[in-house]
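# Fold and contact review
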Amino acid sequence: NRDLVQSHLSAQALLSAHQVHGIVAVVASSAWPNGERPRADAIVTSTPGIAVSALTADCAPILLAEPVTGVVAAAHAGWRGALEGILEATVASMEGLGARRHNIIAAVGPTIGLSAYEVGWEFQATFLRRDGDSAAFFSRSAPGARPHFNLPGYVADRLRRIGVAAEPEPMPCTFASEDMLFSYRRSERQGDGD
């Protein structure tokens, strides 16, 4: 699949990282040595011919571009990375290559949606403790029901809060789009395994 994507992009190299749900953004100027992927959740480059990617299975893939300087990035943001600062780290790395924050645009790809992302009370409490602005991204279907979390909405909001324009185009829910997208949560619920 990566070879197919690379051929469609006419890229010299298509880079991906060994994603760890953290906040490390790496800068790439060439293909990874010996094909070894760094442990990171974002890849940033300004090198023409280098394509960057993020793989997700319910988390949010985010593509970022600064068209004036040509700096681009791909980030993987699960709830932990989004809360801890992967978006901020990615934008800071882009700025390190000359990008200007006010010129950066971002698109959030297919992600698990609010209706499918039921979470626990401690999950919600962690967010509210660490980011008071996150309350708007939790909802319950009925009093006493477990909360649901709007990950794509939260990611888009974090981007806006750090001064990055996020494209408003709604993307499909990975969980609900069985015919088109893989969902880790759906796979686990159906007993499919990883």
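Report on the accompanying structure. (Residues numbered from 1 in each chain as written. Predicted model: local features only at pLDDT ≥ 70, side-chain atom pairs only at ≥ 80, totals over all residues. Heavy atoms only, no water.)

## Overview of the overall build of the protein
Counting its secondary structure elements, the protein contains six helices and ten strands. A globule of 194 residues ought to have a C-alpha radius of gyration of about 16 Å, and the protein, at 17 Å, matches this closely. With respect to the three principal axes, the spread of C-alpha positions in the protein is 55 × 40 × 30 Å. Looking at the 194 residues of the protein, the share that counts as buried comes to 44%. In the protein, the share of contacts with a sequence separation of at least 24, taken over all contacts with a separation of at least 6, comes to 60%. (Helix = DSSP H or I, 4+ residues; strand = E, 2+ residues; numbered from the N terminus. Rg over C-alpha atoms; globule rule 2.2 N^0.38 Å. Buried < 20%, exposed > 50% of the residue type's maximum accessible area, 1.4 Å probe, protein only. Contact = heavy atoms within 4.5 Å.)

## Regarding helix H3 (residues 86–96)
When we look at burial in H3, the residues that qualify are Ile86, Leu87, Thr90, Val91, Ser93 and Met94. Looking straight down H3, one finds that the buried residues subtend no more than 160° of arc, so they occupy a single side. In this fold, the buried residues of H3 make contact with strand S2 (25–27), strand S3 (42–45), strand S5 (60–66), strand S6 (71–77), helix H2 (79–84) and helix H5 (151–161). (Arc of directions from axis to C-beta.)

## So, the sheet that holds S5
If you walk across this open sheet you meet the six strands as S2-S3-S6-S5-S7-S10, and the pairing is mixed. For this open sheet the edge positions go to S2 and strand S10 (165–166), each flanked by a neighbour on one side alone. Strands in contact with H5 are S5, S6, strand S7 (105–108) and S10; relative to S5, the strand with the most contacts, it is inclined by about 25°. (Pairing = 2+ DSSP bridges. Axes fitted to C-alpha atoms, helices over the stretch in contact; angles between N-to-C directions.)

## Some details on the pairing of S7
Here S7 shows a clear split, with Ala106 and Val108 buried on one side and none of Ile105 and Ala107 buried on the other. Here S5 pairs with S7 via four bridges, running antiparallel. Looking at S7, one finds that Leu64 is bridged to Ala106. Relative to S10, S7 is paired through two bridges, and the arrangement is parallel. Note that in S10 the partner of Ile105 across the bridge is Ala165.

## Brief notes about the packing of aromatic side chains
What describes a pair of aromatic rings is the distance from one ring centre to the other and the angle between the planes of the rings. Inspection of every chain in the model, using the stated rule, returns 13 aromatic pairs. For the ring pair Phe123 and Phe138, a centre distance of 6.1 Å and an interplane angle of 70° mean the geometry is edge-to-face. With Phe123 in helix H4 (residues 121–130) and Phe138 in strand S8 (residues 138–139), this residue pair connects regions lying 15 residues apart in the sequence. Phe138 carries the same exposure label as Phe123, and that label is buried. Through successive ring pairs, a cluster of aromatic residues spans Trp79, Tyr117, Phe123, Phe127, Phe137, Phe138, Phe149 and Tyr154. (Phe/Tyr/Trp six-rings, centres within 6.5 Å; stacked < 30°, edge-to-face > 60°.)

## Here we look at the nonpolar core
General note: in soluble globular proteins, nonpolar side chains tend to be found buried as a group. Counting 39 residues, the largest nonpolar core has Ile62, Leu64, Met94, Phe149, Val155, Leu159 and Val164 as the members making the most contacts within it. Those elements giving two or more residues to this core turn out to be S3, S5, S6, H2, H3, S7, H4 and H5. The element best represented in this core is H5, accounting for five residues. Not counting residues within four places of it along the chain, the set of residues in contact with Val155 comprises Ala60, Ile62, Ala77, Ala82, Leu87 and Val108. Counting eleven residues, the second-largest nonpolar core is a separate cluster that includes Leu15, Ala17, Val26 and Val52. (Core = buried A, V, L, I, M, F, W, Y, C linked by side-chain atoms within 4.5 Å.)

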